[in-house]
Amino acid sequence: MAENDLRRAVNKFTSDLAAKAESFVNDITTLEVRTFTTPSHEFTALVGDGVDLEAPIDGSHMQLRAYTKINFDCDTTICLPVDANNQVDRSVWDMHQTMVEHALKSRQEMLRSMGDALASALRALQLASE
Amino acid sequence: MISRDVSFSVSGIDFPDGVDPLGLWQVEKYRISSFTVDASPLMTESVWRIQLPDTLEEAQNIMQSQQYNIEQQQHYLDIIESQLADYNPKENYNLSFVTDRDSPLATLQSSITEISAWSTAYNTTGANPDYIRLYEQCETFLGRFKDIMSLQRRIETRTGQNLVGLTHIDWKGDYKTIWEKQATPPAMHLHIKSVNLASTSRMVVLRIISTAVSGALSIAIKAAIPGGQILLIPAVYHFVSDMLRELKNIPVHA
């Protein structure tokens, strides 16, 4: 009975991770990076555990300044930030680009971690079944 | 030495043992903001908070030091992984560390010996309370691994009293960053370093857990322990985190 419990634990871990991996593969067809600015007096309303950044805040002056979307086939949509003179705001753009690079690198690492975790779980499951 | 107005804290992550194995982050209780309508305590994200001094040079030096620290730990993890792969519990094998190797290794060997003894009395293990407790520990452990992988995360950077930047990363890896409107480029660079530090920390913790899982598998095969690939995970995790702590404390000789 104990051996079945172990097999069940590994099975559950593997199938949960596989479901997450499947959902992840479906969801990672696009990568989106957004950069906003907001006045300092509104910033404190955005911090704290559990605050939903997707929910609109009444009277907010938060502005979307730059946006990048990269599709699976590498088609890319970019919205550039401009200042009051309609010139590209370099400081915001440079930071945004850095975040895009960071997001791409993080996604690669996530895929690798997930692959390693699944491989370990499958080996453990195989051993539990022998 | 880090001064009083500096802190690195994380909430919303349930580390094994309740402690950050990297020794970088102070673990805090997940607290609900007074601005939320729904005060559900359900943790859906981890929150990484970096508090830095308002002096730019001091803040930059601290971030550089933390980054170096975590790079060193990744290097130590390479060493520990390699040694675990070579470790044979049936031989009295001395790991080639320049460190006090007795304590973590002795503890690991003791756990292996204990669990091996359970497997020879298989018919009674179902009633063994230690076995049941360990099995529950293992299930919890694997659950935490899944949570750390799947939680959304938020990184907040402050210098002095000022919040400089806030980045939210969802499960898919999409980024949303909010800057204080008057934030200067050097301050923004500090927040980017914070995002890098928090993301790297998370990846290294996942790697530690993955090393524990692979290590348990390897030892279970070598020691021929039925179920050892699961039952040994907590013991190997403790070995890895104890070795990391020891290796960090070794003085570097010129």
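Refer to the structure above for everything that follows.
Conventions adopted
Within each chain, residue numbers correspond to sequence positions counted from 1 in written order. The order in which chains are written sets their letters, starting at A; the order in which ligands are written sets their numbers, starting at 1. Where totals are concerned, whole chains, interfaces and linings use all residues; where local detail is concerned, this predicted model gives features only for residues with pLDDT of at least 70, and gives and counts side-chain atom pairs only at 80 or more. The basis for the side-chain values is all heavy atoms of the structure; hydrogens and waters are excluded. A run of DSSP states H or I qualifies as a helix once it reaches four residues; a run of E qualifies as a strand once it reaches two. Both are numbered from the N-terminal end. Each residue's exposure class comes from its accessible area (1.4 Å probe, protein chains only) as a fraction of the maximum for that residue type: buried when under 20%, exposed when over 50%, partly exposed otherwise. Any two residues whose heavy atoms approach within 4.5 Å are treated as being in contact. The Shrake-Rupley method, run with a 1.4 Å probe, gives the accessible areas here. Residue values count only the displayed protein chains as cover. At least two bridges found by DSSP between two strands are what make those strands a pair. For helices, the axis comes from a line fit to the C-alpha atoms of the stretch in contact; other axes are also lines fit to C-alpha atoms, and the angle between any two N-to-C directions lies between 0 and 180 degrees. Angular relationships are summarised with four words: roughly parallel below 35 degrees, roughly antiparallel beyond 145, roughly perpendicular across 65 to 115, and oblique for the angles in between. For any pair of crossing helices, the crossing counts as left-handed if the nearer helix is rotated counterclockwise from the farther one by less than a right angle, and right-handed if it is rotated clockwise. When residues are grouped by polarity, Ala, Val, Leu, Ile, Met, Phe, Trp, Tyr, Cys and Pro land in nonpolar, Asp, Glu, Lys and Arg in charged, and all others, Gly among them, in polar. One less than the number of residues in a helix, times 1.5 Å, gives the span that helix is expected to have. By convention, a stacked pair of Phe, Tyr or Trp rings (six-membered ring in the case of Trp) has centres within 6.5 Å and planes under 30 degrees apart, an edge-to-face pair has planes over 60 apart, and any other such pair is tilted. A side-chain nitrogen of Lys or Arg and a carboxyl oxygen of Asp or Glu constitute a salt bridge if their distance falls within 4 Å. A patch consists of residues exposed above 30% relative accessible area that lack any salt bridge, with like charges linked at up to 9 Å and nonpolar side chains (Val, Leu, Ile, Met, Phe, Trp, Tyr) linked at up to 5 Å.

**Notes on the overall build of chain A**
1) Next: Scanning chain A from N- to C-terminus turns up three helices and three strands.
2) Next: Going from N to C terminus, chain A has its helices and strands arranged as α-β-α-β-β-α.
3) Next: Taken over 130 residues, chain A has a buried fraction of 42%.
4) Next: When contacts within chain A are restricted to residue pairs at least 6 apart in sequence, those whose partners lie at least 24 apart make up 65%.
5) Next: Summed over its atoms, the accessible surface of chain A is roughly 7200 Å², and 51% of this surface lies on carbon and sulfur atoms.

**Considering the overall build of chain B**
1) Next: A tally of regular secondary structure across chain B gives seven helices and six strands.
2) Next: Per-residue burial over chain B gives 54% buried out of 254 residues.
3) Next: At a minimum sequence separation of 6, the contacts of chain B that also span at least 24 residues come to 65%.
4) Next: Within the structure as shown, chain B displays about 11600 Å² of accessible surface, and the carbon and sulfur contribution to it stands at 52%.

**Notes on the sheet that holds strand 2 (residues 26–28) of chain B**
1) Next: A sheet is described by the order of its strands in space; here nine strands give the open sequence 3(A)-2(A)-1(A)-6(B)-5(B)-4(B)-3(B)-1(B)-2(B), paired in mixed fashion. Each edge of the open sheet carries a strand with a single partner, namely strand 3 (76–79) of chain A together with strand 2 of chain B. Averaged over all neighbouring strand pairs, the angle between strand axes comes to 15 degrees, with direction disregarded.
2) Next: Sitting on the sheet, helix 5 (residues 185–223) of chain B touches strand 1 (7–11), strand 3 (45–52), strand 4 (152–159), strand 5 (162–169) and strand 6 (175–180) of chain B, and the angle it makes with strand 4 of chain B is about 140 degrees.

**Focus on the side chain of threonine 200 of chain B**
1) Next: If you trace the backbone, threonine 200 of chain B turns up in helix 5.
2) Next: Given a relative accessible area of 15%, threonine 200 of chain B falls into the buried group.

**What to know about the packing of helix 1 (residues 56–86) of chain B against helix 5 of chain B**
Residues and elements named next belong to chain B.
1) Next: Between helix 1 and helix 5, the shortest axis-to-axis distance is 10 Å and the interhelical angle comes to 15 degrees. With respect to helix 5, the element helix 1 is oriented roughly parallel. Considering only the axes of helix 1 and helix 5, their crossing is left-handed.
2) Next: Looking at the contact of helix 1 with helix 5, its residues break down into 13 nonpolar, 11 polar and six charged.

**Considerations on helix 4 (residues 129–150) of chain B**
1) Next: Between its first and last C-alpha, helix 4 of chain B extends 32 Å over 22 residues, near the 32 Å set by a 1.5 Å rise per residue.
2) Next: Listed as buried for helix 4 of chain B are Tyr131, Leu134, Tyr135, Cys138, Phe141, Leu142, Phe145, Ile148, Met149 and Ser150 of chain B.

**Looking at the packing of aromatic side chains**
Residues and elements named next belong to chain B.
1) Next: Within the structure shown, the criterion is met by two aromatic pairs over all chains.
2) Next: Summarising the aromatic geometry, the rings of phenylalanine 8 and tryptophan 25 are spaced 5.8 Å apart at their centres and angled 85 degrees between planes, so their arrangement reads as edge-to-face. In this pair, phenylalanine 8 is assigned in strand 1 and tryptophan 25 in the loop between strand 1 and strand 2, connecting sequence segments 17 residues apart. Judged on exposure class, the residue phenylalanine 8 and its partner tryptophan 25 are both buried.
3) Next: Between tryptophan 25 and tryptophan 48, the ring centres sit 4.9 Å apart and the planes meet at 85 degrees, which makes this aromatic pair edge-to-face. Of this pair, tryptophan 25 sits in the loop between strand 1 and strand 2 while tryptophan 48 sits in strand 3, placing them 23 residues apart in sequence. Tryptophan 48 matches tryptophan 25 in its accessibility class, with the two residues each being buried.
4) Next: One aromatic cluster is present, built from ring pairs that chain together Phe8, Trp25 and Trp48.

**With respect to the pattern of salt bridges**
Residue and element names in this part refer to chain B.
1) Next: Tallying each qualifying case throughout the model produces 10 salt bridges over all chains.
2) Next: Here glutamate 45 and arginine 154 are joined by a salt bridge, their closest N and O atoms 3.0 Å apart. Of this pair, glutamate 45 sits in strand 3 while arginine 154 sits in strand 4, and the two are 109 residues apart along the sequence. With respect to class, glutamate 45 is no different from arginine 154; both count as buried.
3) Next: The network of salt bridges with shared partners includes Arg49, Glu156 and Arg158.

**Overview of unusual backbone geometry**
1) Next: Even without being glycine, cysteine 74 of chain A reaches a positive phi, approximately 75 degrees.
2) Next: Judged by relative accessible area, which is 59%, cysteine 74 of chain A ranks as exposed.
3) Next: Although it is not a glycine, alanine 224 of chain B adopts a positive phi angle of roughly 55 degrees.
4) Next: Checked against the element boundaries, alanine 224 of chain B lands in the loop between helix 5 and helix 6 (228–231).
5) Next: Judged by relative accessible area, alanine 224 of chain B falls into the exposed class, the value being 53%.

**Observations concerning a nonpolar patch on the surface**
1) Next: Among the surface-exposed residues, Ile78, Leu80, Val82 and Val88 of chain A lie close enough to one another that they form a single nonpolar patch of about 310 Å² accessible area.
2) Next: On the secondary structure map, valine 88 of chain A appears in the loop between strand 3 and helix 3 (90–129).

**So, helix 1 of chain B**
Residue and element names in this part refer to chain B.
1) Next: Helix length check: helix 1, at 31 residues, gives a terminal C-alpha distance of 46 Å against a target of 45 Å (1.5 Å per residue), a fit within 8%.
2) Next: Of all the positions in helix 1, only Ala59, Ile62, Met63, Gln66, Gln67, Ile70, Gln73, Tyr76, Leu77, Ile80, Gln83 and Leu84 are classed as buried.
3) Next: For helix 1, the secondary structure elements touched by its buried residues are strand 1, strand 3, helix 5 and helix 7 (233–248).

That is the geometry; function is a separate question.
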